[in-house]
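# What the coordinates show
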Amino acid sequence: MKFGETFTEYLHGEQERFLNKCSHVEYKRLKKVLKSCRVCRALENQSSSEHAEGEESNELSEFCRCNSCPLCDQMFFAELTREATEIAGCFSSRVRRLLHLHVSSGVQRCMWRLRHCFADDQQVMIQEGRMLLDYVTMNAIAISKILKKYDKIHGSVSGRDFKTKLRAKRIELLQSPWLIELGAFYLNFSDSDSGEPAEFFRKFSCDLNDTQPAMTMSISDSVKYEYSLTCAICLDTVFNPYALSCGHLFCKGCACSASSVLLFQGLKAAPRSAKCPVCRAVGVYNDAVQMTELDLLLRNRCNDYWKERLRAERAEMVKQSKEYWESQAILTMGL
Ligand SMILES: [Zn+2]
Ligand SMILES: [Zn+2]
Ligand SMILES: [Zn+2]
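Residues numbered from 1 in each chain as written. Chains lettered and ligands numbered in written order. Predicted model: local features only at pLDDT ≥ 70, side-chain atom pairs only at ≥ 80, totals over all residues. Heavy atoms only, no water.

## Some thoughts on the overall build of the protein
Along the backbone of the protein there are twelve helices and six strands. Counting all 335 residues of the protein, 44% fall into the buried class. Counted over contacts in the protein with a minimum sequence separation of 6, partners at least 24 positions apart contribute 63%. (Helix = DSSP H or I, 4+ residues; strand = E, 2+ residues; numbered from the N terminus. Buried < 20%, exposed > 50% of the residue type's maximum accessible area, 1.4 Å probe, protein only. Contact = heavy atoms within 4.5 Å.)

## Focus on the layout of surface pockets
The space that makes up the largest pocket amounts to roughly 1,000 Å³. Along its surface, the largest pocket is lined by 45 residues, and Ser176, Pro177, Ala243, Leu244 and Val289 are the ones closest to its centre. Sorting the residues of the lining of the largest pocket by element identifies helix H5 (73–103), helix H8 (158–168), helix H9 (177–191), strand E3 (224–228), strand E5 (249–251), strand E6 (289–290) and helix H11 (292–301) as the ones contributing at least two each. The greatest single-element share of the lining of the largest pocket, amounting to nine residues, is contributed by H5. In terms of domain composition, the lining of the largest pocket takes at least three residues from each of domain 1 (3–175) and domain 2 (231–332). (1 Å grid on protein atoms, 1.4 Å probe; cavity = no way out; pocket = protein on both sides within 12 Å on 5 of 7 lines; lining within 4 Å. Points joined across faces, edges and corners; volume = space filled by probe spheres on them. Domains from an automatic or database assignment.)

## A word on the packing of aromatic side chains
Counted by the stated rule, this structure contains 14 aromatic pairs. Measuring from centroid to centroid gives 5.6 Å for phenylalanine 3 and phenylalanine 7, while their planes differ by 25°, and the two rings are stacked. With phenylalanine 3 and phenylalanine 7 both in helix H1 (residues 3–11) and four residues apart, this pair spans about one turn of that helix. Aromatic rings pair up to connect Phe3, Phe7, Tyr10 and Tyr27 into one cluster. (Phe/Tyr/Trp six-rings, centres within 6.5 Å; stacked < 30°, edge-to-face > 60°.)

## Points about the coordination of the zinc ion (ligand 2)
In a perfect tetrahedron of four donors around a metal, the angles come out at 109.5 degrees. In a perfect octahedron of six, they are 90 or 180 degrees. Cys231 (SG), Cys234 (SG), Cys251 (SG) and Cys254 (SG) make up the full set of protein donors to the zinc ion (ligand 2), lying at 2.2 to 2.3 Å. Here the zinc ion (ligand 2) is ringed by four donor atoms whose angles at the metal span 106 to 113°, and the overall shape comes out tetrahedral. Counting residues between consecutive donors of the zinc ion (ligand 2) along the chain gives the motif C-x2-C-x16-C-x2-C. Within this pair, whereas cysteine 231 is found in the loop between E3 and strand E4 (241–243), its partner cysteine 254 is found in helix H10 (residues 252–258), the two being separated by 23 residues in sequence. Each member of the pair, cysteine 231 together with cysteine 254, is buried. (Donors = N, O, S within 2.8 Å, 3.2 Å for Na, K, Ca; no water. Tetrahedral: all angles 85-135°; square planar, octahedral: opposite > 155°, others 65-115°.)

## Side note on the side chain of arginine 94
Positionally, arginine 94 belongs in helix H5. Within the local environment of arginine 94, its side chain forms a polar contact with the side chain of glutamate 128, the two groups lying 3.2 Å apart. (Polar contact = N/O pair within 3.5 Å; in protein donor to acceptor, adjacent residues only side chain to side chain.)

## Quick word on the state of the cysteines
Enumeration over the complete set of coordinates arrives at zero disulfides. Between cysteine 302, a cysteine without a disulfide, and cysteine 206, which holds the nearest cysteine sulfur, the sulfur-to-sulfur distance is 7.8 Å. Looking at cysteine 302, the relative accessible area reads 16%, which means it is buried. (Disulfide = S-S within 2.5 Å.)

## Digging into the pattern of salt bridges
Tallied over the entire structure, the rule returns six salt bridges. The salt bridge involving arginine 82 is made with glutamate 79; its shortest N-O contact spans 3.7 Å. Taken together, the residues span about one helical turn, with arginine 82 and glutamate 79 both in helix H5 at a distance of three residues. On the basis of relative accessibility, which here comes to 39%, the residue arginine 82 falls in the partly exposed class. With its nearest N and O atoms 3.3 Å apart, the salt bridge here joins arginine 82 to glutamate 86. Placement of the pair is arginine 82 and glutamate 86 together in helix H5, with a separation of four residues, close to one helical turn. Each of Arg29, Glu79, Arg82 and Glu86 takes part in salt bridges that share partners, so that together they form one network. (Salt bridge = Lys/Arg side-chain N within 4 Å of Asp/Glu carboxyl O.)

## Re unusual backbone geometry
The phi dihedral of leucine 235 falls on the positive side, at around 60°, and the residue is not glycine. Among the secondary structure elements, leucine 235 is positioned in the loop between E3 and E4. Of note, the phi angle at asparagine 240 is positive, near 45°, even though the residue is not glycine. Within the secondary structure, asparagine 240 is located in the loop between E3 and E4. Classification of asparagine 240 as buried rests on a relative accessible area of 13%.

## Thoughts on the sheet that holds E3
On the basis of which strands lie adjacent, the open sheet formed by three strands has the order E1-E2-E3 and antiparallel pairing. The sheet is open, and its two edges are formed by strand E1 (204–207) and E3, each paired on a single side. Within this sheet the neighbouring strands show an average axis-to-axis angle of 20°, counted without direction. Alignment of E1 against strand E2 (residues 214–218), held across four bridges, turns out to be antiparallel. Its bridge partner being in E2, aspartate 207 is matched across the sheet by alanine 214. Relative to the sheet, H9 contacts E1, E2 and E3, its axis offset from that of E1 by approximately 85°. (Pairing = 2+ DSSP bridges. Axes fitted to C-alpha atoms, helices over the stretch in contact; angles between N-to-C directions.)

Structure, rendered in structure tokens:
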């Protein structure tokens, strides 16, 4: 089956009610834009070759190589940017809500409400997680397919470049830290043996004992994504992990020291000029995502390591607070 059909089937399938609340890639509409562009270009090509064979057709091939298409760029990329932004926003807010229910102890009332509406809230959560995973992967594939089509029709690399732009704008769907959180959520569930058929969990796997700890997500048999769980600062497995807005993961303690804030102040206090140690992007600390599910996964799977790091973090926090208050006292006394 062609992807266009698979995607249409997905949009109108069993998840339709879920999808009604979220935007998706207008795959068909974008394909139409490309199709009409192809027709226009074919006509142009024809008329120019009728005019004079040598020079003008050269001109057209130059036009192809200049990497922009006046016929469809404005519509195509603007639309795709808007859709990707909306999808990324919808995905992150819904995963956030789902995981909040799972991890936080302060939401027992929500759990209670859920339990009263549904027979089994574990099942409901897994179901919601699966829909979110389908949602983000189907749309990511749609974006990647339509961009490839764009490049094929225009003989350009603009589609490929656009992907890089999505990453820079932090709306590349498969790079979302919320996807790693969703993966960790699944793995935590499968560890807790909820009696769920294993096929749900097979999409994610995680190897923490390797020298390069990583989480792998397989979208299909051939497409796999790997997310490194090594902190680029301490070069160890991340502990109490935070994802900066650029998507890079660090231990909270490491990110705090990289942005020159104290542990108890937290990353929200980081100056806007502080840079990500990996990609050098600025302004990435204030909206950092605390990876609670991933932390839980590490705690369950490498408990000794996790405890050791917790002890070290607490000791560091006490040391920093002591130094901080001592310096404040000295300031107050005017010494
Ligand atoms: Zn075009
Ligand atoms: Zn670290
Ligand atoms: Zn970064």
